[in-house]
Amino acid sequence: MSKIQMTTPLVEMDGDEMTRILWKMIKEELLLPFIDLKTEYYDLGLEHRNETNDQVTVDSAEATKKYGVAVKCATITPNAARMDEYDLKEMWKSPNGTIRAILDGTVFRAPITVKGIEPTVSKWKKPITIARHAYGDVYKGVEIKVPGAGKAELVFTAEDGTQIRETIHEFDGPGIIQGMHNINDSIASFARSCFTYALDTKQDLWFATKDTISKKYDHTFKDIFQEIYDAEYADQFEAAGIEYFYTLIDDAVARVMKSEGGFIWACKNYDGDVMSDMISSAFGSLAMMTSVLVSPHGYYEYEAAHGTVQRHYYKHLKGEETSTNSVATIFAWTGALRKRGEIDGNQELMDFADKLEKATLDTIEAGTMTKDLAMITTLETVNAVNSEGFIKAIAERL
């Protein structure tokens, strides 16, 4: 059988722990037998990030700008325990955060739906995609523990020395203060990424904040979205037969629960963090959640939404059998291959991505799955297999 040819490489970002083991299996069993796979490889494993002082992460993001499409394995964001475990020079930043900042991207997460893994919310028939603005707000907040009585002020000092002042609160005892910020350019990039992805996927786009309460901060998000939509995207949305819809965040939550799904829900940073976990859990499993970083400049980076599956990795190191769900990692590869094929006009590559996804879902629907899915499936006949057995079952069907 002749292999499918590629004209342009993908940027391949390898990762850590159990997902790194799955990454190798997926390539050997599901990709290399069928594709003359061209990638520009970057090892984002924690040891190599440490050796290169994290330069490899920056290089991988710059390569994504060059080639347009990347696929990324899950990586460790180190904490104090990881500092000791891996003997790190310093507590390196999240690779995802570094890559997001360089590509100026927005993360879109969507559940993978399959017969036998039913959503907790009975009305949901189609995936709900969460778009999270991954900049600012509470994640870059500055905080003070107020020791006692006193006056707290918000002060902005312009370059010319002029000041804007607002009283936050006059404390008569201990309390807490938090200062948050955002940047208009970042909000505009978020908006354009959301509108672009909605057009790419031909889905309605919802956006929600609390502008009735936050009349400057949240209202600015609402205004920027509306201005960009009216000026740049309204005609394209109308031609595509899709809708942009704004509402308050509490109304959006109520509507989501009663909807059938099949739309993109754009959220501010904290809202997106919380709602993506709610959506993934309600659809069945975080291991069945895709993630794609979309830049308004036309760069795409695909990965699984979950982490490195540390507990399974330690079992693997002891020689114990694991049953780790590889579906989201497989779909990271198919998403990247499909986008590469779309950009390059390579229909064979796009068709292969479709067939690999179908083989994966058909394997589950036929009753062969990893233990995490076997515990929640509504199918009556189930064959729970180990990590490698699941990938080999997909390869046989493929």
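Just above sits the structure.
Rules used in this analysis
Residues numbered from 1 in each chain as written. Predicted model: local features only at pLDDT ≥ 70, side-chain atom pairs only at ≥ 80, totals over all residues. Heavy atoms only, no water. Pairing = 2+ DSSP bridges. Helix = DSSP H or I, 4+ residues; strand = E, 2+ residues; numbered from the N terminus. Axes fitted to C-alpha atoms, helices over the stretch in contact; angles between N-to-C directions. Contact = heavy atoms within 4.5 Å. Buried < 20%, exposed > 50% of the residue type's maximum accessible area, 1.4 Å probe, protein only. Right-handed = clockwise from strand over helix to strand, strands pointing away. Expected span 1.5 Å × (residues − 1). Core = buried A, V, L, I, M, F, W, Y, C linked by side-chain atoms within 4.5 Å. Parallel < 35°, antiparallel > 145°, perpendicular 65-115°, else oblique. Left-handed = near helix turned anticlockwise from the far one by under 90°. Patch = residues over 30% accessible without salt bridge, like charges linked within 9 Å, V, L, I, M, F, W, Y side chains within 5 Å. Areas by Shrake-Rupley, 256 points an atom, 1.4 Å probe, with all protein chains shown as cover. Salt bridge = Lys/Arg side-chain N within 4 Å of Asp/Glu carboxyl O. Nonpolar A, V, L, I, M, F, W, Y, C, P; charged D, E, K, R; others polar.

S.K.: What exactly am I supposed to notice about the sheet that holds strand β1 (residues 10–14) here?
M.R.: Two pairing modes exist for strands in a sheet, parallel and antiparallel, and in both the strands are linked by backbone hydrogen bonds. As summarised here, the arrangement of the 10 strands in space is β2-β1-β3-β14-β13-β4-β5-β12-β10-β11, forming an open sheet in which the pairing is mixed. The sheet is open, and its two borders are formed by β2 (39–43) and β11 (244–248), each paired with just one other strand. Strand-to-strand, the axes of this sheet are offset by a mean angle of 20 degrees, without reference to chain direction. In the sheet, β1 pairs with β2 via five bridges, with the strands oriented parallel. When the bridges of β2 are listed, Glu12 appears paired with Tyr41. Against the sheet, helix α1 (residues 17–31) contacts β1, β2 and β3 (69–72), and its axis sits at roughly 140 degrees relative to β1. Sheet strands in contact with helix α8 (residues 249–258) are β10 (204–209), β11 and β12 (263–267), and its direction is about 115 degrees off that of β11.

S.K.: What am I meant to see in the pairing of β11 here?
M.R.: Look at any regular strand and the pattern is simple: side chains alternate between the two faces of the sheet. Of all the five residues making up β11, four are buried; the element is thus mostly covered by neighbouring parts of the structure. In this region the chain leaves β10, passes through helix α7 (residues 217–240) and returns to the parallel neighbour β11; the handedness of that crossover is right-handed.

S.K.: For this particular structure, what's the right way to read helix α6 (residues 184–201)?
M.R.: Think of an α-helix as 3.6 residues a turn; residues three or four steps apart then line up on the same face. With 18 residues, α6 should cover 26 Å at 1.5 Å per step; its first-to-last C-alpha distance of 26 Å lies within 8% of that length. Those residues of α6 that fall on the buried side of the exposure criterion are Ser186, Ile187, Ala188, Ser189, Phe190, Ala191, Ser193, Cys194, Phe195, Tyr197, Ala198 and Leu199. Taken from the residues just after α6, Lys202 is the one with a positive phi, measuring 50 degrees.

S.K.: Explain the nonpolar core to me, please; I cannot follow it from the model alone.
M.R.: Nonpolar side chains tend to gather and get buried jointly when the protein is soluble and globular. Residues Leu31, Ile35, Phe195, Leu205, Phe237, Tyr244 and Leu337 are the most contacted members of the largest nonpolar core, which totals 69 residues. The dominant element in this core, judged by the number of residues it contributes, is α6, at nine residues. When neighbours within four sequence positions are excluded, Tyr244 is seen to be in contact with Phe195, Leu205, Phe207, Phe225, Gln226, Tyr229 and Phe237. Of all hydrophobic cores here, the second largest spans 19 residues; its members include Trp206, Val256, Trp265 and Ala305.

S.K.: What is the right way to look at the pairing of strand β4 (residues 106–111) in this model?
M.R.: Burial runs high along β4: five of the six residues are buried. As defined by bridge partners, β4 adjoins strand β13 (residues 289–294) across six bridges and the pair is classed as antiparallel. Bridge assignment links Phe108 to a residue of β13, and that residue is Val292.

S.K.: Please explain the packing of α6 against α7 as it appears in this structure.
M.R.: Think of two packed helices as two axes; the pair is described by the angle between the axes and how far apart they sit. For the pair α6 and α7, the least separation of the axes is 9 Å and the interaxial angle reads 25 degrees. Relative to α7, the element α6 is oriented roughly parallel. As for how α6 packs across α7, the hand of that crossing is right-handed. In this structure, α6 uses Asn184, Ile187, Ala188, Phe190, Ala191, Arg192, Cys194, Phe195, Thr196, Ala198 and Leu199 to contact α7, whose residues at the interface are Thr220, Phe221, Ile224, Phe225, Ile228, Tyr229, Glu232, Tyr233, Gln236, Phe237 and Ala240.

S.K.: Quick question: what am I supposed to make of a nonpolar patch on the surface here?
M.R.: There is a patch of nonpolar side chains on the surface, built from Val138, Tyr139, Met180, Tyr270 and Val274 and spanning about 440 Å² of accessible area. Secondary-structure assignment places Tyr139 in the loop between β5 (129–132) and β6 (142–146). Look at Tyr139 and you get partly exposed, because its relative accessible area is 38%.

S.K.: Can you help me understand the environment of Thr106 in this one?
M.R.: Tracing the backbone through its elements, the reader meets Thr106 in strand β4. Note on Thr106: relative accessible area 2%, which makes it buried. The spatial distance from the C-alpha of Thr106 to the C-alpha of Ala305 is 14 Å, given a sequence separation of 199 residues. Beyond its immediate chain neighbours, meaning those up to four positions away, Thr106 contacts Ala131, Arg132, Ser189, Phe190, Ser193, Cys194, Val292, Leu293 and Val294.

S.K.: It is not clear to me how the packing of helix α12 (residues 347–365) against helix α14 (residues 387–397) should be interpreted in this structure. Could you clarify?
M.R.: Viewed as axis vectors pointing N to C, α12 and α14 meet at an angle of 120 degrees, and their least axial separation amounts to 9 Å. Classified by the angle their axes make, α12 and α14 are oblique. The chirality of how α12 crosses α14 is right-handed. Only Phe390, Ala393, Ile394 and Arg397 of α14 make contact with α12, whose side of the interface consists of Leu356, Ala359, Thr360, Asp362, Thr363 and Ile364. Of the residues belonging to the contact of α12 with α14, the class tally is six nonpolar, two polar and two charged.

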